[in-house]
Amino acid sequence: MPVQWHGDALHIQCRIQPRASRDEFAGMLGDAVKIRIAAPPVDGEANRQLIRFLAKAFGVAQQQVTVLRGEQGRNKTVCIQAPRHFPEAVSIPPR
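Parameters at a glance
Residues numbered from 1 in each chain as written. Predicted model: local features only at pLDDT ≥ 70, side-chain atom pairs only at ≥ 80, totals over all residues. Heavy atoms only, no water. Helix = DSSP H or I, 4+ residues; strand = E, 2+ residues; numbered from the N terminus. Rg over C-alpha atoms; globule rule 2.2 N^0.38 Å. Salt bridge = Lys/Arg side-chain N within 4 Å of Asp/Glu carboxyl O. Buried < 20%, exposed > 50% of the residue type's maximum accessible area, 1.4 Å probe, protein only. Polar contact = N/O pair within 3.5 Å; in protein donor to acceptor, adjacent residues only side chain to side chain.

Caption draft 1: Inspection of the overall build of the protein at higher detail. When helices and strands are tallied, the protein shows one helix and six strands. What you see in the protein, going N to C, is helices and strands ordered as β-β-β-β-α-β-β. Taken against the 2.2 N^0.38 rule, which gives 12 Å for 95 residues, the C-alpha radius of gyration of the protein at 12 Å falls within 12% of a compact globule. When the backbone C-alpha atoms are referred to their principal axes, the protein occupies close to 35 × 30 × 20 Å.

Caption draft 2: The arrangement of the pattern of salt bridges in detail. For the structure on display, the rule yields three salt bridges. Residue Arg-22 is joined to Glu-24 by a salt bridge in which the shortest nitrogen-to-oxygen separation is 3.1 Å. A relative accessible area of 19% places Glu-24 in the buried class. Where Glu-24 meets Arg-36, a salt bridge forms, and the shortest distance between an N and an O atom there is 2.9 Å. In this pair, Glu-24 sits in strand S3 (residues 24-29) while Arg-36 sits in strand S4 (residues 32-36), placing the two residues 12 residues apart along the sequence. Here Arg-36 falls in the partly exposed class, since its relative accessible area comes to 26%.

Caption draft 3: Looking closely at the environment of Arg-48. Here Arg-48 shows up in helix H1 (residues 45-58). Taking the C-alpha atoms as reference points, Arg-48 and Thr-66, separated by 18 residues in sequence, lie 9.7 Å from one another. From its side chain, Arg-48 meets the backbone oxygen of Asp-43 in a polar contact 3.1 Å long.

Any functional reading would require information that these geometric values do not contain.
Written out as structure tokens, the structure is:
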């Protein structure tokens, strides 16, 4: 399951497409949420932009979003602490 609750934290399995024309959710890709990010995958820019994008989408501070696994790759596990908003593009399971 690509989205799971762990207490108050939401863990999301993501497949990132850097150098996209804009930041957006792009549906499902296998067992992951596909996210397009405009930043290039250089010096952690795509990871920083991913954190900004997810923080805004879920209504939390950037400090509440962390990349748990996959910092160097396209497949990532991201943790969002106590999300306040839930984007329509992501299916959130009940707690």
